[in-house]
Amino acid sequence: MLLFENLKSINQKLLKLDGFEITIKREDLLHPTVSGNKMRKLKYNLEQAKKEDYQTLLTFGGAFSNHLAATAASGKIMDFKTIGVIRGQENPENPTLQFCKDKGMILFPVSRSIYRKKDTNDFHDTLKNKFGKFYSLPEGGTNLNAVRGCTEILDKSDEEYDVICCSVGTGGTISGLIESSLPNQMVLGFSALLNQELDQQIKKFTVKKNWDINYNYVFGGYAKVSLKLIEFINDFKKKFKTPLDPVYTGKLLFGIFDLIKKKQWNWGKRILIIHTGGLQGIPGMNQMLSKKKWPLIEV
Ligand SMILES: *Cc1c(COP(=O)(O)O)cnc(C)c1O
């Protein structure tokens, strides 16, 4: 299990201003190809799959999915065959799917209407007939094993922070953070999409109450961006030497800085921000931005 041994990332001080002390935990640097929270979410799943003698991992995702890329890369390192069921058959060649293929993942694109039925027994049987026995990981990788992996993001030295902030998609990462937080710490999630079921999802994994989700920095929807967001990401990289991705961490940092600037920060001032990674998605986003003749995210 070499891939998942001694996972520990560095805390980088960003700034001290007006009593605020802002630090970012660089989970994006955990591994060169299996970034951030997706590595945490895969750890106990791949350990279980090995223990139960599975040879194949199968999972689901959109054409730019960080989870697909992480599954392909870690599957290759740990000697699993990997299969990716891809949402939408119209996918052009894009850097994420190319990366998955390079790591040996078999791609199985299906129409959006079929993809919607991905969690039904019928579809599972179809997949089983086609690919044989596999260990199934849900879209985004969130399950109990994933949450357990994410409880290992925080360590003893993080007990000094008042607030822990992260970006939220399916809610697995924040659930792990909540579970490992202290009662006096606030865990604040910034949602990357409008997801009606998110609160319910998180409540499946934790009974603690020291958390909240902010939906004001979704930027119109999942993987949607604005010129202001791109400018923020590029400025942030220049100023703090820290790259952000446009789908998750860019929106998170934008939100935190915006709330502080508008004096709407209602929590403690010692803030730990989790950089969950996702940088592999930048070339794919830039491909779309250049088609629209928009400014690109600088790499
Ligand atoms: C997947 C992802 C998230 C969201 O994690 P969830 O556990 O689905 O909430 C946040 N940041 C990055 C970079 C991701 O890739």
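Note that the structure is a prediction, hence the values are computed from the model and not measured. Each chain has its residues counted from 1, following the order in which its sequence is written. Per-residue local features are limited, in this predicted model, to residues with pLDDT of at least 70; the limit for side-chain atom pairs, both in listing and counting, is 80 or more; totals at the level of whole chains, interfaces and linings are taken over all residues. The side-chain figures draw on all heavy atoms in the structure; neither hydrogens nor water molecules are used.

## Here we look at helix 11 (residues 282-291)
The rule is simple: take the accessible area with a 1.4 Å probe, protein chains only, and divide by the maximum for that residue type; under 20% is buried, over 50% is exposed, in between is partly exposed. Comment: elements are numbered from the N terminus, with helices defined as DSSP H or I runs of at least four residues and strands as E runs of at least two. All buried positions along helix 11 are accounted for by Ile 282, Gly 284, Met 285, Asn 286 and Leu 289. Any two residues whose heavy atoms approach within 4.5 Å are treated as being in contact. Residues of helix 11 that are buried make contact with helix 3 (95-102) and helix 9 (227-240). Phi turns positive one or two residues past the end of helix 11, at Lys 293, with a value near 60 degrees.

## Quick word on the sheet that holds strand 7 (residues 163-168)
At least two bridges found by DSSP between two strands are what make those strands a pair. The strand order across the open sheet built from six strands is 1-2-10-7-8-9, with neighbouring strands paired in mixed fashion. With one partner strand each, in any of the chains shown, strand 1 (11-17) and strand 9 (211-214) form the two edges of the open sheet. Averaged over all pairs of adjacent strands, the angle between their axes in this sheet comes to 25 degrees, without regard to strand direction. Across four bridges, the pairing between strand 8 (residues 186-191) and strand 9 is parallel. Paired with Gly 189 across the bridge in strand 9 is Ile 213. Here an angle of 0 to 180 degrees is reported between the N-to-C directions of two axes, which are lines fitted to C-alpha atoms, with helices fitted over the stretch in contact. In the packing of helix 8 (residues 198-205) onto the sheet, the strands contacted are strand 7, strand 8 and strand 9, and the crossing angle to strand 9 comes to about 155 degrees. The strands touched by helix 10 (residues 249-261) within the sheet are strand 1, strand 2 (20-26), strand 7, strand 8, strand 9 and strand 10 (270-275), with strand 10 carrying the most contacts at an inclination of about 165 degrees.

## As for the site of the ligand
By convention in this text, a residue qualifies as near a molecule or strand provided that one of its non-hydrogen atoms is within 4 Å of it. What surrounds the ligand is a group of 16 residues, the closest being Lys 38, Lys 41, Thr 170, Thr 173 and Thr 276. Polar contact is the term for a pair of N or O atoms within 3.5 Å; when the atoms are in protein, one must be able to donate a hydrogen and the other to accept it, and sequence-neighboring residues count only if both atoms are side-chain atoms. In this structure, Gly 169 approaches the ligand through a main-chain N or O atom, which is 2.8 Å from an oxygen atom. Contact between the ligand and Thr 170: an oxygen atom at 2.6 Å from a side-chain N or O atom of the residue. Computed by Shrake-Rupley with a 1.4 Å probe, the accessible areas treat only the displayed protein chains as cover when residues are assessed. Relative to its unbound accessible area of 380 Å², the ligand is 98% covered by the protein chains. For the shell around the ligand, the secondary structure elements donating two or more residues are helix 1 (36-51), strand 7 and helix 7 (172-180). Ranked by the residues each element gives to the shell around the ligand, the list is headed by helix 1, at three residues. Polar here means any residue outside two lists: the nonpolar Ala, Val, Leu, Ile, Met, Phe, Trp, Tyr, Cys and Pro, and the charged Asp, Glu, Lys and Arg; Gly therefore counts as polar. Among the residues making up the shell around the ligand, the classes are represented as two nonpolar, twelve polar and two charged.

## Digging into the environment of Ile 230
Structurally, Ile 230 can be placed in helix 9. A relative accessible area of 2% places Ile 230 in the buried class. A C-alpha to C-alpha distance of 9.1 Å links Ile 230 and Glu 298, two positions 68 residues apart in sequence. In this structure Ile 230 touches Val 225, Leu 289, Trp 294, Pro 295, Leu 296 and Ile 297, once residues within four positions along its chain are discounted.

## Some words on the pattern of salt bridges
Where side chains of opposite charge bring their charged atoms close, a pairing between them can arise. We define a salt bridge as a side-chain nitrogen of Lys or Arg found within 4 Å of a carboxyl oxygen belonging to Asp or Glu. Using the criterion set out here, one finds 13 salt bridges in the structure. Of the charged contacts, one joins Lys 25 and Asp 158 as a salt bridge, the two residues approaching to 2.9 Å between their closest N and O atoms. Pair noted here: Lys 25 is in strand 2 and Asp 158 is in the loop between helix 6 (144-150) and strand 7, with a separation of 133 residues, a long-range link. On the accessibility criterion, Asp 158 (2% relative accessible area) is buried. What you see here is one network of salt bridges that share partners, running through Arg 87, Lys 118, Asp 119 and Glu 139.

## With respect to the environment of Glu 152
Mapped onto the fold, Glu 152 is located in the loop between helix 6 and strand 7. For the pair Glu 152 and Glu 179, spaced 27 residues apart in sequence, the C-alpha separation works out to 9.8 Å. With residues up to four places along the chain from it excluded, the contact list for Glu 152 reads Arg 40, Lys 43 and Tyr 44.

## Side note on the side chain of Ser 175
Its location among the elements puts Ser 175 in helix 7. Residue Ser 175 is classed as buried on the basis of its relative accessible area, which comes to 0%. Reaching out from Ser 175, the side chain makes a polar contact with the backbone oxygen of Gly 171 at a distance of 2.7 Å. When near neighbours in sequence (up to four residues on either side) are disregarded, Ser 175 contacts Val 147, Ile 202 and Phe 205.

## Looking at the packing of aromatic side chains
Side-chain rings of Phe, Tyr and Trp (the six-membered ring for Trp) are treated as a pair once their centres are within 6.5 Å; stacked means planes under 30 degrees apart, edge-to-face means over 60, and tilted covers the remaining angles. A full pass over the atoms with the stated rule returns 13 aromatic pairs. Their ring planes at 75 degrees and their centres at 5.6 Å tell us that Phe 108 and Phe 131 sit as a pair that is edge-to-face. Highlighted residues: Phe 108 in strand 5 (residues 106-110) and Phe 131 in helix 5 (residues 121-131), separated in sequence by 23 residues. Taking the centre distance of 5.2 Å and the plane angle of 65 degrees together, the rings of Phe 232 and Phe 254 count as edge-to-face. Taken together, the residues span a long stretch of sequence, with Phe 232 in helix 9 and Phe 254 in helix 10 at a distance of 22 residues. Overall, Phe 232 belongs to the buried group, its relative accessible area being 15%. Aromatic rings pair up to connect Phe 190, Tyr 217, Phe 219, Phe 232, Phe 236, Phe 240, Phe 254 and Phe 257 into one cluster. Between the NZ or CZ atom of Arg 148 and the centre of the ring of Tyr 44, over which it lies, the distance is 3.6 Å. The criterion is that NZ of a Lys, or CZ of an Arg, lies within 6 Å of the ring centre and within 35 degrees of the ring normal, and then a charge sits over that ring.

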